[in-house]
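Summary of structural features
Chain by chain, the residues:
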Amino acid sequence: MKFSAGSLNRFFFLSFIIFYWATSGFARPGIESPRQFIIQPYGKISKALINDVYQRIKLINPNVKLNSQADLPISAYYSPRGRYRADSIIHYLSRKTARGNVIIGMTSKDVSTTKGEHKDWGVMGLGFRPGNACVVSTYRLSKKNLTSQLFKVSIHELGHTEGLPHCKDPHCYMRNAQGGNHLEEETDFCRSCKSYLRKKGWRL
Ligand SMILES: [Zn+2]
Ligand SMILES: [Zn+2]
């Protein structure tokens, strides 16, 4: 079979269009390109654990970067309880992060925030809704299922940064912890949360 220069040009042009359509978020109607996720490990948290969670997040958003370990900001330390303020950490992270990216801090230290009449309430994680920063802690997680629990808390907080509120479905990753650890009952995002995040470019 012979190809004229014109038909070859058309072939390359068409291939380019198909490649662009297949790889670009813009070409899929109603679906945004995912923001870049940045993982920031803090202190002595296990590198193997961070790497496992990083690999799992990467399946949802390949646009993810793993930073090298750093120290938690001293300004977030709450000496009366010997723990770190999650709200201070996310403000600190937010200031350091470019618009259009989202950063997630990961620590083994206990973190807390103000909740109603509780001035200093320990949490598994905290994130802006919507926003560009969140933090998660392994302190209150089950050591038996640490990787999957840290993954679940991480995508819960990342879900908040995309704008998702808490969800009433007890099996959904966006369930409100309300002071407990129900992560073993959470199996996936529910249909409605999943559909919201898919529009944000998450591969779910
Ligand atoms: Zn939440
Ligand atoms: Zn849900």
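Scroll up to find the structure this text is about.
Structural notes, computed from the coordinates. The structure presented is a predicted model; accordingly, all values stated were derived computationally and were not measured.

Let's talk about the coordination of the zinc ion (ligand 2)
Put simply, the ideal angle at a metal is 109.5 degrees for four donors in tetrahedral geometry and 90 or 180 degrees for six donors in octahedral geometry. Protein-derived coordination of the zinc ion (ligand 2) comes from Cys-167 (SG), Cys-172 (SG), Cys-190 (SG) and Cys-193 (SG), at a distance range of 2.3 Å. Viewed at the metal, the four donor atoms of the zinc ion (ligand 2) are separated by angles of 103 to 116°, and the geometry they form is tetrahedral. Spacing between the donor residues of the zinc ion (ligand 2) along the chain follows C-x4-C-x17-C-x2-C. No difference in accessibility class separates Cys-190 from Cys-193, as the two residues are buried.

Thoughts on the nonpolar core
Among the nonpolar cores identified, the biggest contains 33 residues, and Ile-39, Ile-57, Met-106, Leu-158, Phe-189, Cys-193 and Trp-202 are the most heavily contacted of them. Where this core is concerned, the elements lending two or more residues are strand 1 (36-41), helix 2 (47-60), strand 5 (101-107), strand 9 (133-137), helix 4 (146-161) and helix 5 (191-199). Top contributing element to this core by residue count: helix 2, with six residues. The contacts of Leu-158, once residues within four sequence positions are left out, are Phe-37, Ile-57, Val-102, Ile-104, Cys-134 and Trp-202. Tyr-42, Ala-86, Ile-90 and Leu-126 belong to the second-largest nonpolar core, a separate cluster that totals 15 residues.

Quick notes on the sheet that holds strand 1
Think of a sheet as strands paired side by side through backbone hydrogen bonds, with each pair either parallel or antiparallel. Taken in spatial order, the five strands make up an open sheet running 2-1-5-9-8, and their pairing is mixed. Both edges of this open sheet fall to strand 2 (64-66) and strand 8 (125-127), since each of them pairs with a single strand only. Taking the axes of each pair of neighbouring strands and ignoring which way they run, one obtains an average angle of 15° across the sheet. The sheet contact formed by strand 1 and strand 2 spans three bridges and is parallel. When the sheet's bridge partners are listed, Phe-37 is paired in strand 2 with Val-64. Its contacts with the sheet put helix 2 on strand 1, strand 2 and strand 5, and the angle it makes with strand 2 is roughly 170°. Strands in contact with helix 4 are strand 1, strand 5, strand 8 and strand 9; relative to strand 9, the strand with the most contacts, it is inclined by about 160°.

About the thresholds
- Residues numbered from 1 in each chain as written.
- Chains lettered and ligands numbered in written order.
- Predicted model: local features only at pLDDT ≥ 70, side-chain atom pairs only at ≥ 80, totals over all residues.
- Heavy atoms only, no water.
- Donors = N, O, S within 2.8 Å, 3.2 Å for Na, K, Ca; no water.
- Tetrahedral: all angles 85-135°; square planar, octahedral: opposite > 155°, others 65-115°.
- Buried < 20%, exposed > 50% of the residue type's maximum accessible area, 1.4 Å probe, protein only.
- Core = buried A, V, L, I, M, F, W, Y, C linked by side-chain atoms within 4.5 Å.
- Helix = DSSP H or I, 4+ residues; strand = E, 2+ residues; numbered from the N terminus.
- Contact = heavy atoms within 4.5 Å.
- Pairing = 2+ DSSP bridges.
- Axes fitted to C-alpha atoms, helices over the stretch in contact; angles between N-to-C directions.

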